[in-house]
Each structure stands twice: as C-alpha cells, then as structure tokens.
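Commentary on secondary and tertiary structure
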Amino acid sequence: MWIRENWETSQINPAGFADFADPSRLIRCITQNQTETLAVAEEALRSGAVSLVIMQLSQPVGLTEGRRLQLAARDGDATGLAIIPEGMGSNAVETRWRCTPVFDPETGAEDSTLQRWELIKNKSGTLGVWHVRWDTAARRLVMVSPAGK
C-alpha cells in the first residue's frame, strides 16, 4: 500500500513498480492531510492484509504517532516505511536510512540501479553503508563493492 496526501503532485506509477512487485497488487491511497495518512497507515499495518505500507510524509512524526505505527506493524506482522524530507524524522523509529544514487566515476552518468544505502540510526545494532544494485531477474538487492577511486 502506498499512501500520500492529495496536494502532493508526484506519485508512483504502478507500471514503473513492475521490476519490484506486481503492479496489480499495489494499492494507492490519497488522503487529505498527514493525520489521515498516519491513520490509514496504522489501520493497514494492523490489519495484516498488507505486508508493506509506504507513506509519503511532509511533516515530522511525533513520538506517540511513531509508537502507534510501530505497534500496529508488530500486531499485523507488516513493515512500515515512511518517505520523509531530509532532516525530518521521528525518535520512535527503529532505523533511519539515507538512500542516494551512485554515479559512475568514469563517465559521470547516473546508473539508476546502483545505490548507496546508509543506516544513520539503528536502535538495535551498528550503523553502516552498503552499495546495492537491484537485480530485476532475481527480484532482490545485490550488494556490490564501492567504485574505486
């Protein structure tokens, strides 16, 4: 399930999602505001009907709201992912990641499948950086060595 507010002009194209998941299984929800987004996400997480809930957020998430989402995800055995602007977040989250594209040092061209995933907050472990590439055929991430200098 992908949830966003109605004022947000960018949106996911289900066909573009095909390398990652069956587009016919993607549920898109449009809400009036962030409060409604959080409420829909909480209900979806708790229901057990979906395994992943992605929410596009525009404002910080309070401790209470963040904890409610955590408990709902635990109860529904689901994963919640909040896409947030840089510098925002919630102290309640278990982990916080920064994902950026990696550019080819030889040509300067962007390879959209190569990414740098940085774990910048982790309540139950260490922090780290991984370079990953999406393997479309296997439908999984593959770790790769960072580009040489």
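Now for a look at the structure at hand. The model shown is predicted, which means the values in this text are computed figures rather than measured ones.

With 16 residues, the main nonpolar core has Met1, Ile3, Ala41, Leu45, Val53, Met55 and Leu69 as its most contacted residues. When contributions to this core are tallied by element, the ones reaching two or more residues are α1 (34–47), β3 (52–56) and α2 (63–76). Looking at this core element by element, the count peaks at 4 residues for α1. With residues near it in sequence (within four places) discarded, Ala41 still touches Ile3, Val53, Met55 and Leu69. One finds Trp2, Phe17, Leu26 and Ile54 within the second-largest nonpolar core, a separate group that totals 5 residues.

For the rest of this paragraph, the subject is the side chain of Glu118. Structurally, Glu118 is set in strand β6 (residues 110–122). Among the polar contacts listed, one links the side chain of Glu118 to the side chain of Arg116, at a separation of 3.2 Å. Setting aside its immediate chain neighbours within four residues, Glu118 contacts Arg96, Trp97, Arg98, Gly128 and Val129.

What follows deals with the packing of aromatic side chains. Going through the model one piece at a time under the given rule, you end up with 2 aromatic pairs. Ring plane angle 70° and centroid distance 6.1 Å describe the contact between Trp97 and Trp117, whose orientation is recorded as edge-to-face. With Trp97 in strand β5 (residues 95–103) and Trp117 in strand β6, this residue pair connects regions lying 20 residues apart in the sequence. Looking at Trp97, the relative accessible area reads 39%, which means it is partly exposed. Overall, the relative accessible area of 24% leaves Trp117 in the partly exposed class. Taken together, a centroid distance of 5.6 Å and an interplanar angle of 45° make the contact between Trp97 and Trp130 tilted. Residue Trp97 is located in strand β5, and its partner Trp130 is located in strand β7 (residues 128–135); the two are separated by 33 residues in the primary sequence.

With that settled, consider unusual backbone geometry. If you check the backbone angles, Asp77 has positive phi at about 50° while not being a glycine. Counting through the fold element by element, Asp77 comes out in the loop between α2 and β4 (79–83). Classification of Asp77 by relative accessible area gives exposed; the value is 70%.

What counts as what
Residues numbered from 1 in each chain as written. Predicted model: local features only at pLDDT ≥ 70, side-chain atom pairs only at ≥ 80, totals over all residues. Heavy atoms only, no water. Core = buried A, V, L, I, M, F, W, Y, C linked by side-chain atoms within 4.5 Å. Buried < 20%, exposed > 50% of the residue type's maximum accessible area, 1.4 Å probe, protein only. Helix = DSSP H or I, 4+ residues; strand = E, 2+ residues; numbered from the N terminus. Contact = heavy atoms within 4.5 Å. Polar contact = N/O pair within 3.5 Å; in protein donor to acceptor, adjacent residues only side chain to side chain. Phe/Tyr/Trp six-rings, centres within 6.5 Å; stacked < 30°, edge-to-face > 60°.

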